[in-house]
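Single-letter residue listing:
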Amino acid sequence: MGYVDEVIERVVAKNPGEPEFHQAVKEVLESLRPVVDANEALYRREAVLERLVEPDRQIKFRVPWVDDKGQVQVNVGYRVQFNNSIGPYKGGLRLHPSVNISIIKFLGFEQVFKNSLTSLPIGGGKGGSDFDPKGKSDREVMAFCQSFMTELNKYIGADVDVPAGDIGTGAREIGYMFGQYKRIRGMYEGVLTGKGLSYGGSLARTEATGYGLLYLTDEMLRCNGKDIKGKTVCISGAGNVAIYACKKAQELGAKVVTVSDSTGYVYDPEGIDLAALKEIKEVKRARLTEYKNYRPNAEYHEGRGVWNIPCDIALPCATQNELTIDDAKALVANGCFAVAEGANMPTTLEATKYLQANGVLFAPGKAANAGGVATSALEMSQNSERLSWTFEEVDSKLKTIMVNIFHNMDDAAKRYNFEGDYVVGANIAGFEKVVDAMLAQGVC
Ligand code: NDP
Ligand code: 2IT
């Protein structure tokens, strides 16, 4: 058995009940075969893959808080610090009832390669809790965030580990967590990113993941002789990533016809009304069922089905494994020619292979959604120099980073004779830098 297969088998045996983590490890390691084969003796002796798949540490803790009725609630908190070879651990905090150690480990593992791809000095980590902010009062969210940070603060710091937002964690949650960190540690430092603009946040961080997704998609299309202008785009999700992906896609001349949330999806053949979407999701924190009140000609459908709407370009921006083999078949049958992942691992392995086999340009999440964490790293730089840059300055750096990520993954794929396979390209390009740093730093 080859080295890659041995390590995958070991990961599955040693981490039972962690299907998302197994999936992420398989996807990465299998596409690293060309590099691993070329360096097998060295990598085996240095146990490079064994070290890559084992996090530096996993922290799990109790998060007790009091709800509005005076009832004590208990959630579970996690922080997985995966790899800090190229910089302090960096990655978001997910607040969603589905959160478990498997999901946090898959996200942390992906983050290592994503952060390497940004070319900025950030290692990989991820955290979160099974707390559900939906339907909670602001006071309840604050009580949870303060309790969460009361434990988490022991393990993080501006040069140690810098968490940020993810599903369920937006500006409100980051604010409450930052306040509690400052209070407990007695220091004002850039320990979290995605902060409000009045206390050290960066302009363009809110927009960064969605905008970055479109900058990379635009470059991928351009380099393949295609143009986004005038194309029909389906987006899933209706959160931070989806909203700003929609905005930039529209600015680039595309027509976005769908958005979705966990209960259903909207199909607006005339093009999504961004102002309505923002009001429903960012201001009212309401369901997409409200969209029809703004746009009577739009359709709202309960349940899944967003990928059955015909489109040229699909941008999954909700959650993991939301685009399955059946969805991939529907997209191909309807003439879709590009898929770029705004979410983390939204496409199943089988669906990814099907899309690629059918000539669909496929940009994997660790490259396509790296604009968020890249701009978080720019927020860290601004905090360190105690300055803030203009929107245009941050946005232009973000664009350069995304264009470079595209070319780095494209070049890596070509170097190993996998031209056009951006999954292989992104994994190899991300891996090379991390391994170089690991080997230089000795056995640790
Ligand atoms: P938000 O919480 O702002 O929005 C998430 C959206 O996805 C909501 O519309 C939500 O619907 C939907 N969603 C979440 N879970 C499910 C589910 N299990 N089934 C169906 N729909 C679901 O999160 P973000 O926009 O920040 O994150 C979206 C994705 O992008 C995630 O995969 C995240 O890891 C990834 N990402 C985020 C970055 C960022 O900077 N925010 C950076 C890089 C990647 P509902 O409200 O009904 O739950
Ligand atoms: O998945 C991700 O890259 C994020 N949720 C953003 C992480 C960050 O540190 O900005």
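As shown above, the structure is provided for reference.
Now for a look at the structure at hand. Numbering of residues starts from 1 in each chain and follows the order in which that chain's sequence is written. In the order they appear in the text, chains get letters beginning with A and ligands get numbers beginning with 1. Local features in this predicted model are restricted to residues of pLDDT 70 or higher, and side-chain atom pairs are both shown and tallied only at a pLDDT of 80 or more, whereas totals for entire chains, interfaces and linings draw on every residue. Excluded from the side-chain calculations are hydrogens and water; all other atoms, namely the structure's heavy atoms, are used.

Observations regarding the site of ligand 1
Applicable threshold: Definition of nearness: a residue and a molecule or strand are near each other if at least one heavy atom of the residue lies within 4 Å of the molecule or strand. Residues adjacent in sequence count toward polar contacts only when both atoms are side-chain atoms; beyond that, a polar contact is any pair of N or O atoms within 3.5 Å, and within protein one must be able to donate a hydrogen and the other to accept it. Segments assigned H or I by DSSP are reported as helices when at least four residues long, segments assigned E as strands when at least two residues long, and all are numbered from the N terminus. Each residue gets one label: Ala, Val, Leu, Ile, Met, Phe, Trp, Tyr, Cys and Pro are nonpolar, Asp, Glu, Lys and Arg are charged, and the others, such as Gly, are polar.
Around ligand 1 sit 25 residues, and of these Lys134, Asp166, Thr209, Ser262 and Arg287 come closest. Interatomic distance of 2.7 Å between a side-chain N/O atom of Thr209 and an oxygen atom of ligand 1. Here an oxygen atom of ligand 1 sits 2.9 Å away from a polar atom, N or O, in the main chain of Val241. Counting only elements with at least two residues in the shell around ligand 1, the list comes to helix 9 (205-223) and helix 10 (240-251). Its residues assigned to classes, the shell around ligand 1 shows six nonpolar, twelve polar and seven charged.

Considerations on the packing of aromatic side chains
The condition that has to hold: Side-chain rings of Phe, Tyr and Trp, where Trp is taken by its six-membered ring, are said to pair if the distance between their centres is within 6.5 Å; with planes under 30 degrees apart they count as stacked, over 60 as edge-to-face, and otherwise as tilted. In this scheme, a residue with accessible area under 20% of its type's maximum is buried, one over 50% is exposed, and one in between is partly exposed, where area comes from a 1.4 Å probe on protein chains only. Placement of a charge over a ring requires the Lys NZ or Arg CZ to be within 6 Å of the ring centre, with the centre-to-atom vector within 35 degrees of the ring normal.
If you walk through the whole model with that rule in mind, you get 14 aromatic pairs. Aromatic side chains Phe144 and Phe148 sit 5.5 Å apart centroid to centroid with 25° between the ring planes, which places their arrangement in the stacked category. In this pair, Phe144 and Phe148 both sit in helix 7 (residues 138-152), four residues apart, roughly one turn of the helix. Just as Phe144 is buried, Phe148 falls in that class too. An angle of 75° between the planes, with centres 5.3 Å apart, marks the rings of Phe178 and Tyr188 as edge-to-face. Residue Phe178 is located in helix 8 (residues 171-185), and its partner Tyr188 is located in the loop between helix 8 and helix 9; the two are separated by ten residues in the primary sequence. These aromatic residues form a ring-pair network of at least three members: Phe61, Trp65, Phe131, Phe144 and Phe148. The cationic tip of Lys226 hangs over the ring face of Phe337; the distance from NZ or CZ to the ring centre is 5.2 Å. The ring of Trp389 has Lys397 sitting right over it, with the charged end atom 4.7 Å from the ring centre.

Focus: the packing of helix 10 against helix 11 (residues 274-283)
The relative placement of two packed helices comes down to the angle between their axes together with the axis-to-axis distance. So the rule is basically this: Only C-alpha atoms enter the line fits that serve as axes; for helices the fit covers just the stretch in contact. Angles between N-to-C directions range over 0 to 180 degrees. Each angle receives one of four descriptions, namely roughly parallel if under 35 degrees, roughly antiparallel if over 145, roughly perpendicular if within 65 to 115, and oblique otherwise. The contact criterion used is simple: two residues touch if any of their non-hydrogen atoms lie within 4.5 Å.
Look at helix 10 against helix 11: their axes get within 11 Å of each other, and the N-to-C directions meet at 170°. With respect to helix 11, the axis of helix 10 lies roughly antiparallel. For the pair formed by helix 10 and helix 11, the contact residues are Ile243, Tyr244, Cys246, Lys247 and Gln250 on the first element and Leu274, Leu277, Lys278, Lys281 and Glu282 on the second.

Some thoughts on the sheet that holds strand 5 (residues 161-164)
Applicable threshold: In short, DSSP must find at least two bridges between two strands for them to pair.
Reading across the sheet, the five strands line up as 1-2-4-3-5 and stay open at both edges, with mixed pairing between neighbours. Edge positions in the sheet fall to strand 1 (57-66) and strand 5, since each of these pairs with one other strand and no more. Going from strand to strand, the sheet's axes swing by 20° on average, the running direction of each strand aside. Pairing between strand 3 (residues 89-95) and strand 4 (residues 123-129): five bridges, direction parallel. Bridge pairing in strand 4 links Leu95 to Ser129.

Structural notes on the nonpolar core
How we decide: Residues belong to one nonpolar core when they are buried, are Ala, Val, Leu, Ile, Met, Phe, Trp, Tyr or Cys, and are joined through side-chain atoms within 4.5 Å.
Among the nonpolar cores identified, the biggest contains 102 residues, and Leu29, Leu49, Phe109, Leu216, Ile235, Leu315 and Phe431 are the most heavily contacted of them. Broken down by element, the residue count for this core peaks at nine residues, all from helix 18 (residues 422-440). Grouped together as the second largest cluster of nonpolar side chains are 21 residues, Phe61, Val141, Cys145 and Val191 included.

Structural notes on helix 9
So the rule is basically this: Each helix should span, by expectation, one fewer than its residue count multiplied by 1.5 Å.
With 19 residues, helix 9 should cover 27 Å at 1.5 Å per step; its first-to-last C-alpha distance of 27 Å lies within 8% of that length. Among the 19 residues in helix 9, 15 count as buried, and that is most of the element. Backbone geometry just after helix 9 places Gly225 at a positive phi near 70°.

Brief notes about the site of ligand 2
Basically, it comes down to this: We get accessible surface area from the Shrake-Rupley algorithm with a probe of 1.4 Å; when it comes to residues, only the shown protein chains can shield them.
Near ligand 2 there are 14 residues, and of these Lys90, Lys114, Asp166, Arg205 and Ser376 occur at the shortest range. For ligand 2, an oxygen atom lies 2.9 Å from a polar atom in the side chain of Arg205. Within the side chain of Ser376, one N or O atom sits 2.5 Å away from an oxygen atom of ligand 2. For ligand 2, whose unbound accessible area comes to 300 Å², protein coverage reaches 94%. Across the shell around ligand 2, the residue classes tally to two nonpolar, seven polar and five charged.

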